[in-house]
Amino acid sequence: MRADITPDRSALRSWLPGFLALAAIWGSSFLFIKVGIGELHPLHLTLYRVAAGALTLLAVLPLLRDRLPREPRVWAHLFVAAALGVAVPFTLFGYGEQRVESMLAGIWNATTPLIVLPMAVLVFRTERLTSRSAVGLGLGFVGVLVVLGVWEGVGGAHFTGQLMCLGAAACYGVAIPYQKRFIAGSSHSGVSLSAAQLVLATAQLAVVGPLVAGAPPAPTGLSVGVLASVLALGVLGTGLAFVINLRNIRVAGASTAATVTYLVPVFAVLIGALALDERLNWHQPVGALVVLVGVAVTQGLLGRRRPAAVAPGPAVAEEGSTPIEGPAASAVDGSVHRLPATGPAAR
């Protein structure tokens, strides 16, 4: 007699709505960035969105009967993570979207795991490189070249914008293993660590922003569309999305929750096409597909799966796993990986 292998639809309904909502929130972040930079300098946009995200998570903490970390060592590591995983990549995406389409920025966000793995292996020693991972990295690198369209030559504002978006993904690629190595093993919750990280990122941007771009404009002087975009980026994409992601991890498991990464660029492309009438060259979605295949191979989602070797290092709580949008918390623009990490997710 055959065993019943019908999927548990009630279990699917318990996490699928939140899963799709998270993909839509992080995928739409690139649209909101595009709208925001229409009136705001990228540094000012990042400052406002990070501050809104910080206030959101600070409001959530007492509801969860949680608090910010108190150890100076944790705050010191969070200061580094705030710069690498929030302030710098969020700003780079803003600069990049001054030159490229929002949907293309969403595609570049999906390259984060390809940078995370070599950094984790070579620098932070939190992972080990396998033959499967090497093949996946090779495929991903080919995909990056296809997205860039290197056969058409390099240079120009559009190419520079793509490099800025790639730089943002590279920041996530450093921040994620850094957090895993130095932060994720702490006893604090993901919400607590993310709130502290956003507070520090806000402080960093409040100092650097005026020095580089001058004093930020008063919110009352911004259009309704830009204000709504800032709130959507901060409250939804950088704040509540992280709480949704934690719920997805608890209900569906970390591995399933992490696959939201594959839907984020899909939503980014669809939203960019529908809302902004953006268009891509043929090689950009093709390259994105190759990149995602490479990511899937490195994560063991394609091909024969083997038990992963566990590298020595601090234990990491599953709750701390956070795909980046896109936002490395975080970030917005929130990410797309299986490596446990803390922070707001771009996303």
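Report on the accompanying structure. These numbers come from a predicted model, not from an experiment. (Residues numbered from 1 in each chain as written. Predicted model: local features only at pLDDT ≥ 70, side-chain atom pairs only at ≥ 80, totals over all residues. Heavy atoms only, no water.)

**Details of helix 6 (residues 131–148)**
Stated precisely, the cut-off is as follows: Secondary structure elements are defined from DSSP: runs of H or I of at least 4 residues count as helices, runs of E of at least 2 residues count as strands, and each element is numbered from the N terminus. Expected helix span is taken as 1.5 Å per residue step, with the number of steps being one fewer than the number of residues. In this scheme, a residue with accessible area under 20% of its type's maximum is buried, one over 50% is exposed, and one in between is partly exposed, where area comes from a 1.4 Å probe on protein chains only. The criterion used for residue contact is that any of the two residues' heavy atoms lie within 4.5 Å.
Look at helix 6: 26 Å from first C-alpha to last across 18 residues, which is about the 26 Å you get at 1.5 Å a residue. Regarding helix 6, the residues found buried are S133, G136, G140, G143, V144, V146, V147 and L148. Check the buried side of helix 6 and you find it contacts helix 4 (102–109), helix 5 (112–122), helix 7 (156–182) and helix 12 (283–298).

**Some remarks on the pattern of salt bridges**
What counts, and what does not: When a carboxyl oxygen of Asp or Glu is within 4 Å of a side-chain nitrogen of Lys or Arg, the pair counts as a salt bridge.
Here the structure, examined in full by the defined rule, presents 2 salt bridges. Measuring nitrogen to oxygen at the nearest pair gives 2.3 Å for the salt bridge that ties E127 to K180. Of the two residues, E127 sits in the loop between helix 5 and helix 6 while K180 sits in helix 7, which places them 53 residues apart along the sequence. As far as the burial class goes, E127 and K180 line up, both buried. A salt bridge links D277 to R279, with the nearest nitrogen and oxygen atoms 3.0 Å apart. We classify D277 as exposed; its relative accessible area is 56%.

**Some words on the packing of aromatic side chains**
Put simply, the rule is: Geometry of aromatic contacts follows a simple scheme: Phe, Tyr and Trp rings, the Trp one being its six-membered ring, pair when their centres are within 6.5 Å, and the pair is stacked under 30 degrees between planes, edge-to-face over 60, tilted otherwise. Any Lys NZ or Arg CZ found within 6 Å of a ring centre and within 35 degrees of that ring's normal is scored as a charge over the ring.
For the structure shown, the criterion picks out 6 aromatic pairs. On the numbers, 5.5 Å between centres and 75 degrees between planes, the contact of F30 with F93 is edge-to-face. Of this pair, F30 sits in helix 1 (residues 9–36) while F93 sits in helix 3 (residues 72–97), and the two are 63 residues apart along the sequence. Measuring from centroid to centroid gives 4.8 Å for Y178 and F182, while their planes differ by 50 degrees, and the two rings are tilted. Placement of the pair is Y178 and F182 together in helix 7, with a separation of 4 residues, close to one helical turn. Residue classification places Y178 among the buried positions, given a relative accessible area of 12%. Cluster of aromatic residues (ring-pair linked, three or more members): F30, F93 and Y172. Here the basic side chain of R49 rests over the ring of F90, its NZ or CZ set 3.8 Å away from the ring centre.

**Re helix 9 (residues 224–252)**
We apply this condition: Bend is the name given here to the angle between axes fitted to two runs of seven residues, the run ending at a residue and the run starting at it.
Within helix 9, the axis deviates most sharply at A241, by approximately 40 degrees. Count one or two residues on from helix 9 and you reach G253, which has phi positive near 100 degrees.

**Description of a nonpolar patch on the surface**
Rules: Within this analysis, patches are made of residues with over 30% relative accessible area and no salt bridge. Like charges are joined at 9 Å or less; nonpolar side chains (Val, Leu, Ile, Met, Phe, Trp, Tyr) at 5 Å or less. Working definition of accessibility: Shrake-Rupley area with a 1.4 Å probe, residue cover restricted to the visible protein chains.
A cluster of nonpolar side chains, namely V135, L139, L289, V293, L301 and L302, defines an oily patch on the protein surface of about 470 Å² accessible area. Mapped by element, the contributors of at least two residues to the nonpolar patch are helix 6 and helix 12. Residue placement: L301 occurs in the segment after helix 12. The partly exposed category is assigned to L301, whose relative accessible area is 33%.

**With respect to the packing of helix 4 against helix 6**
Here is the rule: Orientation is described by axes fitted as lines to C-alpha atoms, over the contacting stretch for helices, and by angles from 0 to 180 degrees between their N-to-C directions. Here roughly perpendicular refers to angles of 65 to 115 degrees, roughly parallel to angles under 35, roughly antiparallel to angles over 145, and oblique to all remaining angles. The crossing is said to be left-handed when, going from far helix to near helix, the turn is anticlockwise and less than a right angle, and right-handed when the turn is clockwise. Think of it as three bins: nonpolar holds Ala, Val, Leu, Ile, Met, Phe, Trp, Tyr, Cys and Pro, charged holds Asp, Glu, Lys and Arg, and polar takes everything else, Gly as well.
At their nearest, the axes of helix 4 and helix 6 sit 11 Å apart, and the two run at 165 degrees to each other. When the axes of helix 4 and helix 6 are compared, the pair comes out roughly antiparallel. The handedness of the crossing between helix 4 and helix 6 comes out as left-handed. Contacts from L104, I107 and W108 in helix 4 reach V144, V147 and L148 in helix 6. Looking at the contact of helix 4 with helix 6 residue by residue, the class counts come to 6 nonpolar, no polar and no charged.

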